[in-house]
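Here's the letter readout for the chains.
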Amino acid sequence: MTDNPQTAGNAMWGGRFSAGPDAIMTAINASIGFDRRLFAQDIAGSRAHAAMLAACGILSDSDAAAIREGLLTVLSEIEAGEFPFSTALEDIHMNVEARLKEIIGAPAGRLHTARSRNDQVATDFRLWVRAQCDAALSGLAALQRALLAQAEAGADWPMPGFTHLQVAQPVTWGHHMLAYVEMFGRDAGRFADARARMNECPLGAAALAGTSFPIDRQMTAAALGFDRPMANSLDAVSDRDFALEFLSAAAICALHLSRLAEELVIWSSAQFRFVRLSDRFTTGSSIMPQKRNPDAAELLRAKMGRILGATVALFTVMKGLPLAYSKDMQEDKEQVFDAADTLMLGLAAMEGMLRDLAADPARLEAAAAAGFSTATDLADWLVRALGLPFREAHHVTGALVRRAEARGCDLPDLTLEEMQAAHPGITAEVFEVLGVRNSVASRTSYGGTAPVRVREQIAAWKERLG
């Protein structure tokens, strides 16, 4: 999309060139195959531009009315699937304008007064990405609500907390679910910030230098829901920060989705059996009848890589471009379109899996008790009750873990005498901190895993999400 077309045969702009393009040039130059997705934004921008031209006395009221009605006809044809898209017309802008001319005649040629395809596409694309930010925010809120439902159901279910994928300390299922609520909350903040920053209107910047016509850029910006027009015409047509910022937010969100998908794959395995995914999000094997494969989680995990790839691709396109417009920037849209589609699919799939997910509280609690997960609780008790320095408490606890390993039992199964052999000051009160439920209940610091704190955070997030 540029105002340097190469097609002599098209009366829209063909006067400059004496020969038509090679077929390969036509193929590499045309963008209508993908930028047709911008049709609603393109028509909205054109309607706002025509209304502004009429208000400023640049376009007659009758021409403006004809353009307005003609554009509505074009919109209805596209929405009905009856619009004859043409590769020869390169892009969505020229396709719409050519059809408009067929419908209303000469007034269509006045629509492009005081604008360029450079500011036109920048406006269309910015409108589209803005709408995708809104869609992502909606999808994230739905996903967070699904996580909160899981957290509320299991606010006091002990489960193992891991470091290095080794059992570390007991946490609660609700606490684990809330960790992802927090992550996706930050993702929502990034999309909201990006939306606020991109909400400036490029329309009226024309090719790169503005226009000599007495236009009202405030009017078109307001009509399209922007906060203000962009302040520099060069920046307006050459900026793709809004797309890069959307992709960056999407990439971080994709990372979070992929991490959760990975946990669902692990948790649903026969070795863990923490959760059961529903039939709606699993498949069987063509040869092994016992198999129940977490295909939705695996596919989600893989598809998130497309978003990371799209982000790198657009950064690569933009990093070496001088001001203002270069045709390289036509390559901005396919990456963003694919990333946005993939993100929305991922959010919906994860929400669906979590809505149907059945965790196994008994299995979670049994796993939480394994691997000496309350060793830190024992060390903390030695510090609190006996006044030992933590390093000494750590050493005593390590000796008791070694003793339990030798016996093939867990820490709560050691006798008081065995405990006292490691340190004579240990009393029977130590057994009050060694169970996994005692452990999680004791973690009452702000942000901790204690059920009372989990329920506080659930209530806070419910209020925030409305």
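Before reading further, recall that the structure is shown in the block above.
The notes below deal with the structure included here. If you're wondering where the values come from, they're calculated on a predicted model, not measured in any experiment.

Procedures and definitions
Residues numbered from 1 in each chain as written. Predicted model: local features only at pLDDT ≥ 70, side-chain atom pairs only at ≥ 80, totals over all residues. Heavy atoms only, no water. Helix = DSSP H or I, 4+ residues; strand = E, 2+ residues; numbered from the N terminus. Rg over C-alpha atoms; globule rule 2.2 N^0.38 Å. Buried < 20%, exposed > 50% of the residue type's maximum accessible area, 1.4 Å probe, protein only. Contact = heavy atoms within 4.5 Å. Areas by Shrake-Rupley, 256 points an atom, 1.4 Å probe, with all protein chains shown as cover. Lys, Arg positive; Asp, Glu negative; His and termini not counted. Charge placed at Lys NZ, Arg CZ, Asp CG, Glu CD. Salt bridge = Lys/Arg side-chain N within 4 Å of Asp/Glu carboxyl O. Disulfide = S-S within 2.5 Å. Phe/Tyr/Trp six-rings, centres within 6.5 Å; stacked < 30°, edge-to-face > 60°. Lys NZ or Arg CZ within 6 Å of the ring centre and 35° of its normal. Pairing = 2+ DSSP bridges. Axes fitted to C-alpha atoms, helices over the stretch in contact; angles between N-to-C directions. Parallel < 35°, antiparallel > 145°, perpendicular 65-115°, else oblique. Left-handed = near helix turned anticlockwise from the far one by under 90°. Nonpolar A, V, L, I, M, F, W, Y, C, P; charged D, E, K, R; others polar.

In this section: the overall build of the chain. From N to C terminus, the chain includes 18 helices and six strands. For 466 residues, the compact-globule formula gives about 23 Å, and the C-alpha radius of gyration of the chain, at 31 Å, lies well above that figure. Buried positions account for 49% of the 466 residues belonging to the chain. Put simply, 74% of the contacts in the chain that link residues at least 6 apart link residues at least 24 apart. For the chain, the computed accessible surface area is about 20800 Å², with 54% contributed by carbon and sulfur atoms. Averaging the locations of the 45 positively and 56 negatively charged side chains of the chain gives two centres separated by 1 Å.

Quick look at the pattern of salt bridges now. Tallied over the entire structure, the rule returns 26 salt bridges. A salt bridge links R455 to D156, with the nearest nitrogen and oxygen atoms 3.7 Å apart. Here R455, found in helix α18 (residues 451-465), pairs with D156, found in the loop between α6 (117-153) and β1 (158-163); they are 299 residues apart in sequence, far enough to count as distant. Taking relative accessible area as the criterion, R455 reaches 44% and is therefore assigned partly exposed. You can call D156 partly exposed: its relative accessible area is 30%. For the salt bridge of D380 with R443, the shortest nitrogen-to-oxygen distance reads 3.4 Å.

Below, the discussion takes up the state of the cysteines. Across all of its chains, the model carries zero disulfides by this definition. Left without a disulfide partner, C56 is nearest to the cysteine sulfur of C201, which lies 13 Å away. What makes C56 partly exposed here is its relative accessible area of 25%.

It is worth spelling out the packing of aromatic side chains at this point. One pass over the full model with this rule turns up nine aromatic pairs. The interplanar angle of 80 degrees and the centroid separation of 5.1 Å between the aromatic rings of F272 and F274 together place this pair among those described as edge-to-face. A residue is classified by how much of its surface remains accessible, and F274, at 3% relative accessible area, is buried. Sitting over the ring of F337, R37 keeps its end group 4.9 Å from the ring centre. In this structure, R464 is placed above the aromatic ring of W461, and the distance from its NZ or CZ to the ring centre is 3.8 Å.

Next up on the list: the pairing of strand β2 (residues 166-172). In the case of a regular strand, side chains alternate between the two sheet surfaces. Direction of pairing for β1 relative to β2: antiparallel, over a ladder of six bridges. Looking at the pairing, F162 lines up with V167 of β2. In sequence, β1 turns back onto β2 through a hairpin of two residues, with H164 there showing a positive phi of about 60 degrees.

Let's shift gears to the environment of G210. Relative to the helices and strands, G210 resides in the loop between β3 (200-201) and α8 (217-223). Residue classification places G210 among the partly exposed positions, given a relative accessible area of 28%. Each residue touching G210, except ones within four places of it in the same chain, is listed here: G204, A205 and S233.

We now examine the environment of F372. Counting through the fold element by element, F372 comes out in the loop between α13 (361-369) and α14 (375-386). A residue is classified by how much of its surface remains accessible, and F372, at 17% relative accessible area, is buried. Distance from F372 to H394, taken between C-alpha atoms, is 13 Å for residues 22 residues apart in sequence. Ignoring any residue separated from it by four or fewer positions in sequence, one finds F372 in contact with V401, A404, E405, C409, D410 and L411.

With that out of the way, let us pick up the packing of helix α10 (residues 241-267) against helix α11 (residues 295-318). Look at α10 against α11: their axes get within 8 Å of each other, and the N-to-C directions meet at 160 degrees. Here α10 lies roughly antiparallel to α11, going by the angle between them. Considering only the axes of α10 and α11, their crossing is left-handed. Class assignment of the residues belonging to the contact of α10 with α11 gives a composition of 19 nonpolar, three polar and three charged.

A few words on the packing of helix α4 (residues 61-79) against helix α5 (residues 92-104). It is the contact of α4 with α5, at a shortest axis distance of 9 Å, that shows an interaxial angle of 115 degrees. Where α4 crosses over α5, the two elements pack in a sense that is right-handed. Contacts from A66, I67, G70, L71, T73, V74 and E77 in α4 reach V96, R99, L100, I103 and I104 in α5. Its residues assigned to classes, the contact of α4 with α5 comprises eight nonpolar, two polar and two charged.

This brings us to the side chain of E77. You can see E77 is positioned in helix α4. Among the residues examined, E77 registers a relative accessible area of 13% and is labelled buried. Setting aside residues no more than four positions away along its own chain, E77 makes contact with E82, F83, R99 and I103.

Peptide bonds are mostly trans, and most non-glycine residues show a negative phi. A324 follows L323 through a cis peptide bond whose omega is 10 degrees. Along the chain, the position of A324 falls in the loop between α11 and α12 (333-356). A positive phi angle is found at L165, which is not glycine, with a value near 60 degrees. On the secondary structure map, L165 appears in the loop between β1 and β2. Phi is positive for A206, close to 60 degrees, though the residue is something other than glycine.

Read these as geometric descriptors, not functional statements.
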